[in-house]
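Listed here are the chains, written in short residue letters.
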Amino acid sequence: MLVDPHQPRPYPVVWPTALQHGLSLIRMGVGIVIIWATRAVFKVLTFNLASRLWGFDPHDRATKKKIQVELPHKYLTYYAIAFNVIYVCPTVFRYLGVSRDVTFTEL
């Protein structure tokens, strides 16, 4: 549906306030820390677990290039990051009191 640009808008435009900008910066900072920590922890854990599961030495450089170790290591690490982005970060934001009012309500 195209609307004539000279007609009034069918909905009000609400511009973000300074408080909303500040809260978004806090959410971004906390979220980056959570994601960085998740990646650091899961990268080590999944690599060591996959190496030992397949019987490779985790301290050997050639182990990183083995497909049996590399795939689970990457998939599990990024699965954990995705889980944290979708579920853990919004819960932490709600606990800290910086969550958005409309989290999980957008189309």
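This text follows the structure it describes.
Numbers given for residues are sequential positions, taken from 1 along each chain in its written order. Residues qualify for local features only when their pLDDT is at least 70, as the model is predicted, and side-chain atom pairs are given and counted only at 80 or more; totals for whole chains, interfaces and linings, by contrast, use all residues. With hydrogens and water stripped out, all remaining heavy atoms of the structure feed into the side-chain values.

Let's talk about the packing of helix α1 (residues 18–54) against helix α2 (residues 67–96)
So, step 1. Note on geometry: axes are lines fitted to C-alpha atoms, helical ones only across the stretch in contact, with angles between N-to-C directions running from 0 to 180 degrees. The secondary structure listing takes helices from DSSP runs of H or I that are at least 4 residues long and strands from runs of E that are at least 2 residues long, numbered from the N terminus. Taken N-terminus to C-terminus, the directions of α1 and α2 make an angle of 150°; their axes are 8 Å apart at the nearest point. When the axes of α1 and α2 are compared, the pair comes out roughly antiparallel. α2 is crossed by α1, and the crossing has right-handed handedness.
So, step 2. Gly is put with the polar residues, along with every residue not named as nonpolar or charged; the nonpolar set is Ala, Val, Leu, Ile, Met, Phe, Trp, Tyr, Cys and Pro, and the charged set is Asp, Glu, Lys and Arg. Across the contact of α1 with α2, the residue classes break down as 18 nonpolar, eight polar and three charged. The scheme is simple: roughly parallel for angles under 35 degrees, roughly antiparallel for over 145, roughly perpendicular for 65 to 115, oblique for anything else. In this scheme the handedness of a crossing depends on how the near helix is turned from the far one: anticlockwise by less than a right angle means left-handed, clockwise means right-handed.

Describing the packing of aromatic side chains
So, step 1. Here is the rule: rings of Phe, Tyr and Trp (six-membered ring for Trp) pair when centre to centre is within 6.5 Å. Planes less than 30 degrees apart are stacked, more than 60 are edge-to-face, and the remainder are tilted. Going through the model one piece at a time under the given rule, you end up with one aromatic pair.
So, step 2. Seen from their ring centres, F83 and Y87 are 5.3 Å apart, and the 45° between their planes marks the pair as tilted. Placement of the pair is F83 and Y87 together in helix α2, with a separation of four residues, close to one helical turn.
So, step 3. Each residue is assigned to one of three classes by its accessible area relative to the maximum for its type, calculated with a 1.4 Å probe on protein chains only: buried under 20%, partly exposed between the two thresholds, exposed over 50%. Owing to a relative accessible area of 39%, F83 belongs among the partly exposed residues under this scheme.

Here's the deal with the layout of surface pockets
So, step 1. Taken as a whole, the largest pocket holds about 240 Å³ of empty space.
So, step 2. Lining residues are those with an atom within 4 Å of a point, where the points come from a 1 Å grid over the protein atoms alone and group into cavities, where a 1.4 Å probe fits but cannot get out, or pockets, open sets with protein on both sides within 12 Å along at least five of seven lines. Lining the largest pocket are Q20, L23, R27, S99, R100, D101 and V102.
So, step 3. A class-by-class count of the residues in the lining of the largest pocket yields two nonpolar, two polar and three charged.
So, step 4. Grid points are joined across faces, edges and corners, and a volume is the space filled by probe spheres set on the points. By volume, the second largest pocket is sized at about 160 Å³.
So, step 5. The wall of the second largest pocket is formed by R39, K43, F47, K64, V69, E70, H73, K74, T77 and Y78.
So, step 6. Listing elements by their share of the lining of the second largest pocket, those giving two or more residues are α1 and α2.
So, step 7. Here the lining of the second largest pocket takes six residues from α2, the largest share from any one element.

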